[in-house]
Amino acid sequence: LWCTNVASFCGKVLIRLAMLQWLFEATQSSLALGGLGLLQVFTNVPANLFGGVLADELDRKRLVGSMQAVNVATCAAMWALSALGAMQPWHMYLGTGVLSVTGRLEGSARNSLLKAVVPPELIQAATTTIVVTDGVGEILAPFLFYAVTLGKSLTPAFAVAALACVPAATLPLLIRADTRPEESPAQDQEAGQLALAKSRLARCQEGLS
């Protein structure tokens, strides 16, 4: 799970910085960069709501893996467009929207995985480790971005971002713990009532026969 977080963080930071850099170089407009932030605001709110619902209904490790697979495809498409010189500003907005939505949809599920893979007495330490790792990553991110691009082409940044998302998409599927959502007491009661109704119906049919 920690490796998934690290891989996802690296991919997310690299693709975000690469898109910002490319958009500014292409448009020379701070307003265009502000549009990316505004797009994230409008996509994050509904995606957060749906993310919590999906985490309560679906297998969480599969949800995380599938959303990260979408990120791989998005970053790979950006990589290809950059390598071919076919990138357009609207690609940046589309990519930002997709990455923002997938991140929110799998965020709740990934947080819930912590309880499934870490013993209760170590959850606080595990949470602290993740927070510290993210903080260190935020500090080192600009240096990583510069090392990948060497201050010149942005294509390597898109490429490394796509490759970084690959383990983030595959590692969650290797978790052996049961990551399916637990049934609530209300669901258990409903299932019991349904079973009782089926039993009574079967007895009535036997009596009529």
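Residues numbered from 1 in each chain as written. Predicted model: local features only at pLDDT ≥ 70, side-chain atom pairs only at ≥ 80, totals over all residues. Heavy atoms only, no water.

## Concerning the layout of surface pockets
- Looking at the largest pocket, its volume works out to about 960 Å³.
- If you trace the largest pocket, you find 35 residues lining it, with Ser8, Lys12, Gly103, Glu106 and Arg110 closest to the centre.
- When contributions to the lining of the largest pocket are tallied by element, the ones reaching two or more residues are helix H1 (2-27), helix H2 (30-57), helix H3 (60-84), helix H4 (89-117) and helix H5 (123-149).
- The leading source of residues in the lining of the largest pocket is H4, at 12 residues. (1 Å grid on protein atoms, 1.4 Å probe; cavity = no way out; pocket = protein on both sides within 12 Å on 5 of 7 lines; lining within 4 Å. Points joined across faces, edges and corners; volume = space filled by probe spheres on them. Helix = DSSP H or I, 4+ residues; strand = E, 2+ residues; numbered from the N terminus.)

## Observations concerning H1
- Between the first and last C-alpha of H1 there are 37 Å, a value that for 26 residues agrees with the 38 Å anticipated at 1.5 Å per step.
- Looking one or two residues beyond H1, the residue adopting positive phi is glutamine 28, at roughly 55°. (Expected span 1.5 Å × (residues − 1).)

## Let's talk about H2
- Across its 28 residues, H2 extends 41 Å between first and last C-alpha, which sits within 8% of the 40 Å expected from 1.5 Å per residue.
- The largest bend in H2 comes to about 30°, at asparagine 44, with the proline proline 46 one to four residues further on.
- When we look at burial in H2, the residues that qualify are Ala32, Leu36, Thr43, Asn44, Ala47, Gly51 and Ala55.
- Summarising the contacts, the buried residues of H2 are in contact with H1, H3 and H4.
- Two or three places before leucine 31, at the opening of H2, serine 29 has a side-chain oxygen 3.2 Å from that residue's backbone nitrogen. (Bend = angle between axes of the 7 residues up to and from the residue. Buried < 20%, exposed > 50% of the residue type's maximum accessible area, 1.4 Å probe, protein only. Contact = heavy atoms within 4.5 Å. Polar contact = N/O pair within 3.5 Å; in protein donor to acceptor, adjacent residues only side chain to side chain.)

## A few points about the pattern of salt bridges
- Applying the stated rule across the entire model yields three salt bridges.
- The salt bridge partner of aspartate 59 is arginine 62, with a shortest N-O separation of 3.8 Å.
- Its relative accessible area of 18% is what places aspartate 59 among the buried residues.
- Between aspartate 178 and arginine 180 there is a salt bridge, with the nearest N and O atoms lying 2.9 Å from each other. (Salt bridge = Lys/Arg side-chain N within 4 Å of Asp/Glu carboxyl O.)

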